[in-house]
Amino acid sequence: MTIWSDILLGLKIAMDYWWAYLPVLLCLAFGYSWLEFKRMEYFNSLKWTLLKIKPPPQVDRSLKAVEQIFAGVHGIYIGPVNWKDQFFKGKIPDWFSLEIVGKEGGTNFYLRTLENYKDLVISHIFSQYPDAEITEAEDYMKKWPAHLPNEEYDLFGTEFILSKDNAYPLQTYPFFEEKSLAKEDLKRLDPLASVSEVFSTFMPGENFVIQWLIRPVGDGWVKRAQQALDELLGKEVKKETNLIENILGPLDKLLTLEPPKKEEKKDKKLSAPEEDVVKAVGKKMAKLGYEAGLRLVYLARKENFHRYHFAAIGGAFRQFTAPNLNSFKPNTETITFSKGYLKQIFPSDKGFLADKIVAKRKVQIFRALRKRVFPPEKYFVLNTEELATVFHLPGLEVKAPLFPRVEAKKGQPPPGLAIE
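On a predicted model such as this, the values are computed, not experimentally measured, just so you know. (Residues numbered from 1 in each chain as written. Predicted model: local features only at pLDDT ≥ 70, side-chain atom pairs only at ≥ 80, totals over all residues. Heavy atoms only, no water.)

Visitor: Which residues make up the overall build of the protein chain, and what are the values?
Guide: From N to C terminus, the protein chain includes 12 helices and 11 strands. Residues classed as buried in the protein chain amount to 45% of the 420 residues present. Taking the intrachain contacts of the protein chain between residues at least 6 apart in sequence as the baseline, contacts between residues at least 24 apart amount to 85%. In the structure as shown, the protein chain presents an accessible area of about 24,700 Å², 58% of it carried by carbon and sulfur atoms. (Helix = DSSP H or I, 4+ residues; strand = E, 2+ residues; numbered from the N terminus. Buried < 20%, exposed > 50% of the residue type's maximum accessible area, 1.4 Å probe, protein only. Contact = heavy atoms within 4.5 Å. Areas by Shrake-Rupley, 256 points an atom, 1.4 Å probe, with all protein chains shown as cover.)

Shown next, in the form of structure tokens:
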């Protein structure tokens, strides 16, 4: 009866005091509509360039080098976008798209950046991999139909999220490295090797895109991670509120005369596994962070469409799972599969509107993939060590056929060479 009484109380308050809530709700509705319009206007004005990165013939360095690249690029972050730029210009934080693309048996690496940051990105990559080859490329997605699926192509995909709070780290590259007696001899089990092996089996017309959307973030995520850490330690955690709660919360308390609630928590003694978790969380918090989104899409001609290829690539991401910490999982709201509504009453376990839901999700995820749209809500935070683990130039451990590498080191022009 408690739930129903709360519902009835809420309805009574809404009916008695609608005049107090309605102006606030109308203002919020107008504000969100205006913001959406200005953001779309700003998004369409951005100028992008797509860089194709070809790994050097010898990659024998630790992924610490890739971590340094992400740490250097993080320098574009100055601070959060102020409210004036958001409201009047529609400005949103700058982001990058990191893409691993499987096509016709090969594996290709792309980085999409705003033109303003092109030289910065290239210089940081060359600082760690001087023998790599970086070229501006035409968008490979333009070779696909503008709208999918259609009569010729089908697709399967989803966005991924973290299974736990951002504070908990994934399995990172030190776990995959084996140091031998000689300091210069570093053995690495490359987690991307299995991805390239699956790509090498693709037939003509099969394509797979692993799309990482990343943007540098300040220390706000560290403060939120500290709350998760405090919860682990048994300390009192202050609850954060959003914009609507900040506006309507005081009004609710004023109208309902709700007394404040206080809860006390005491520090608890940690077990050995809990201490390991606390150390891992602290280690993640100690490095620069990026807000990130992950989108996986497999698309192919219908005669060569094999959905198990998606399962194989999705399974490769289990390598980053740390059982007591964090892992990736599909976002069930975006996956291009559905059993529909009221599936329980059907013997086939397929409910109402299942096909329509799947068709809508396929259109939405392909549109987001093509436009490299940053996930609006369900994104997560990875630090530079985690990013270096999931996106890097593979070493010689990757033996997949058709894996592209720079065939020979390019010589430098002699000094004093005339430009004319």
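Further notes follow.
Visitor: Residues and numbers for the packing of helix H7 (residues 220-232) against helix H9 (residues 272-285), please.
Guide: Viewed as axis vectors pointing N to C, H7 and H9 meet at an angle of 170°, and their least axial separation amounts to 10 Å. As the angle between them shows, H7 and H9 are arranged roughly antiparallel. Across the interface between the two elements, Trp221, Val222, Ala225, Gln226, Leu229 and Leu232 from H7 touch Val277, Val278, Val281, Lys284 and Met285 from H9. Its residues assigned to classes, the contact of H7 with H9 comprises 9 nonpolar, 1 polar and 1 charged. (Axes fitted to C-alpha atoms, helices over the stretch in contact; angles between N-to-C directions. Parallel < 35°, antiparallel > 145°, perpendicular 65-115°, else oblique. Nonpolar A, V, L, I, M, F, W, Y, C, P; charged D, E, K, R; others polar.)

Visitor: Outline H9, listing residues and values.
Guide: The end-to-end C-alpha distance of H9 is 20 Å, a good match for the 20 Å that 14 residues give at a rise of 1.5 Å each. Residues Val277, Val278, Ala280, Val281, Lys284 and Met285 constitute the buried set of H9. For H9, the buried positions fall inside an angular range of 165° around the axis, keeping them on one side. Each element contacted by the buried residues of H9 is listed here: H7, strand E11 (380-383) and helix H12 (384-390). (Expected span 1.5 Å × (residues − 1). Arc of directions from axis to C-beta.)

Visitor: Lay out the nonpolar core with the relevant residues and their values.
Guide: By size, the foremost hydrophobic cluster in this structure holds 67 residues, and its most contacted members are Ile210, Trp212 and Phe328. No other element matches the 6 residues that strand E9 (residues 289-301) contributes to this core. Contact partners of Trp212, with chain neighbours within four places excluded, come to Phe96, Ser97, Leu98, Gly293, Leu294, Phe317, Phe328, Phe380, Leu382, Val390 and Phe391. Counting residues in each nonpolar core, the second largest holds 17 residues, with Trp221, Ala225, Ala228 and Leu270 among its members. (Core = buried A, V, L, I, M, F, W, Y, C linked by side-chain atoms within 4.5 Å.)

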